[in-house]
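So the chains spell out like this:
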Amino acid sequence: MSANRPAAVVVLAAGEGTRMKSTTPKVLHALCGRSLVGHVVAASRELSPEHLVVVVGHAREQVSAHLAEIDAEVRTAVQHEQNGTGHAVRMGLEELSNSGVALDGTVIVVCGDTPLLTGETLQRLAAAHADDGNAVTVLSAEVPDATGYGRIVRDDATGAVTAIVEHKDATATQRAIREINSGVFAFDAQLLTDALGKVRTDNSQGEEYLTDVLGILREAGHRVGACVAADHREIVGINNRVQLAEANRLLNDRLLERAMLSGVTVVDPATTWVDVTVTFEPDSLVHPGTQLLGATHLATRAEVGPNSRLTDTAVGQGAVVAFTVAEGAEIGPGASVGPYAYLRPGSRLGAKAKAGTYVEMKNATIGEGTKVPHLSYVGDATIGEHTNIGAASVFVNYDGVNKHHTTIGSHCRTGADNMLVAPVTIGDGAYTAAGSVITKDVPPGSLAVARGQQRNIEGWVARKRPGSAAARAAEAARREGEGQQ
């Protein structure tokens with residue numbers, strides 16, 4: 001366990017986020033497979049805090065339910081009225097106190113709308129706080145343009161923070177400072193608790209500002225320090241959809257860089273999108289226009305894309321998946337999928353199996369070496385090994401009320417344009433004729449023919465479609481045939 005393990009992390013997630021122009025609470029907007037607050041919770045967990053409290057307010061039932069889904073150990077505290085950041089932190093500490101928790105050590109305060117913040121940066125903050133013996137340590141960042149941000153003013157001799165000056169209040173000299181306040185802090189727990197009780201509301205907003213705690217502690221003779229983030233982009237908060245898209249791009253680039261440095265080939269990072277939960281093995285290959293979402297995993301030498309979207313899908317070693325949408329699927333080693341295939345949940349392809357062009361599958365298990373080459377729907381089915389399903393086949397699995405299962409054995413050959421009406425079983429080594437509607441079980445090694453006898457009605461076009469182009473063509477062909485006799 002880290003020596004810098006904090007007593008608590010308090011995540012501020014009570015705001016409404018009106019600039020998002022959305023019925024969805026701001027902190028629940030997602031990027032790269034996690035909500036904004038989900039990213040912050042995940043980064044906070046890397047500190048292994050004794051307690052993790054998220055302060056909720058706007059749409060608190062919805063936010064609390066989401067938090068329970070992503071992290072069952074998270075505590076929630078309610079800020080019924082938006083009375084400022086200091087008030088929000090006080091609500092978080094009171095939740096712990098009311099539960100009998102006596103905090104001793106460091107309290108980290110983070111914002112719930114900073115999804116790019118990393119656990120590594122929070123660990124650096126906690127370490128700097130402990131090493132410098134600060135009462136409070138501000139996470140700061142040096143930015144190219146500090147316009148609008150609170151500036152960090154330091155003592156030239158000691159490097160201690162003497163003030164955080166808002167842009168509108170800053171002098172010309174202070175506005176030249178590029179080090180800014182991120183809104184993320186490390187506090188001594190007891191000093192924080194005491195200082196929050198002294199925060200006043202005699203300001204233009206009538207709110208309790210967390211930053212006032214810094215002045216209170218400094219006036220009491222305690223040291224205030226700052227830890228500079230390695231990458232200023234980590235502290236970016238999300239307030240509107242433009243910033244959400246920008247953060248999405250930054251995080252996606254970070255994830256792809258990590259993948260490429262671990263041995264994955266990403267042909268065009270600009271058109272490739274991945275979730276934080278996607279995993280890769282070395283020598284996997286991702287073509288342009290591909291989205292890899294959820295718990296998708298690419299094994300070594302797997303090849304995905306172009307223009308594919310895989311969600312919660314496992315792609316086996318050496319498998320090739322092109323122009324495909326897949327969700328909740330398992331694609332075996334050496335299998336081939338696409339182009340233009342759709343694998344729905346429960347689709348499982350064995351080694352070297354194939355789901356070809358314009359093939360849709362759902363809740364289907366396809367054995368090793370079995371091929372469904374093109375233009376077919378396979379639903380609620382089990383197919384054995386080295387079987388071939390003819391083109392334009394439909395597994396008729398739904399009777400309007402219930403779904404039914406089709407079982408096809410190994411080394412079978414079904415004809416093109418088959419309707420396989422479930423429940424039905426085709427035994428090993430059996431064949432079915434093209435154009436058949438199979439409604440009864442087919443024994444192993446049998447040929448099933450289930451189609452009407454063909455009959456030709458001579459002269460029908462001339463009688464029923466006189467004067468038509470078809471009639472003229474037929475008459476010309478008849479004359480040509482007579483001339484050749």
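For the structure itself, look to the data block above.
Residues numbered from 1 in each chain as written. Predicted model: local features only at pLDDT ≥ 70, side-chain atom pairs only at ≥ 80, totals over all residues. Heavy atoms only, no water.

A. The overall build of the protein chain, seen in detail. If you tally the helices and strands in the protein chain, you get 10 helices and 37 strands. Compactness check: the protein chain gives a C-alpha radius of gyration of 33 Å against a globular reference of 23 Å for 485 residues, more than 25% above the reference. Taking the principal axes of its C-alpha atoms as reference, the protein chain extends roughly 115 × 50 × 45 Å. Here the protein chain holds 485 residues, and 46% of them are scored as buried. Residue pairs at least 24 apart in sequence account for 40% of intrachain contacts in the protein chain once pairs closer than 6 positions are excluded. A total accessible area of about 23,000 Å² is found for the protein chain, and carbon and sulfur atoms account for 49% of it. Charged side chains in the protein chain number 43 positive and 54 negative. The centres of these two groups are separated by 11 Å. (Helix = DSSP H or I, 4+ residues; strand = E, 2+ residues; numbered from the N terminus. Rg over C-alpha atoms; globule rule 2.2 N^0.38 Å. Buried < 20%, exposed > 50% of the residue type's maximum accessible area, 1.4 Å probe, protein only. Contact = heavy atoms within 4.5 Å. Areas by Shrake-Rupley, 256 points an atom, 1.4 Å probe, with all protein chains shown as cover. Lys, Arg positive; Asp, Glu negative; His and termini not counted. Charge placed at Lys NZ, Arg CZ, Asp CG, Glu CD.)

B. Molecular detail of the nonpolar core. If you look at the biggest cluster of nonpolar residues, it comprises 54 residues, and the most contacted ones within it are V315, L343, M361 and V378. Those elements that place two or more of their residues in this core are α8 (241-261), β25 (341-343), β27 (354-366), β28 (371-383) and β34 (424-426). At six residues, the largest contribution of residues to this core is made by α8. Residue contacts for L343: discarding those within four places in its chain leaves V325, A326, E327, A329, I331, V337, L349, A355 and M361. If you look at the next biggest cluster of nonpolar residues, it comprises 34 residues, including A7, L96, V138 and A226. (Core = buried A, V, L, I, M, F, W, Y, C linked by side-chain atoms within 4.5 Å.)

Read these as spatial facts, not as claims about activity.
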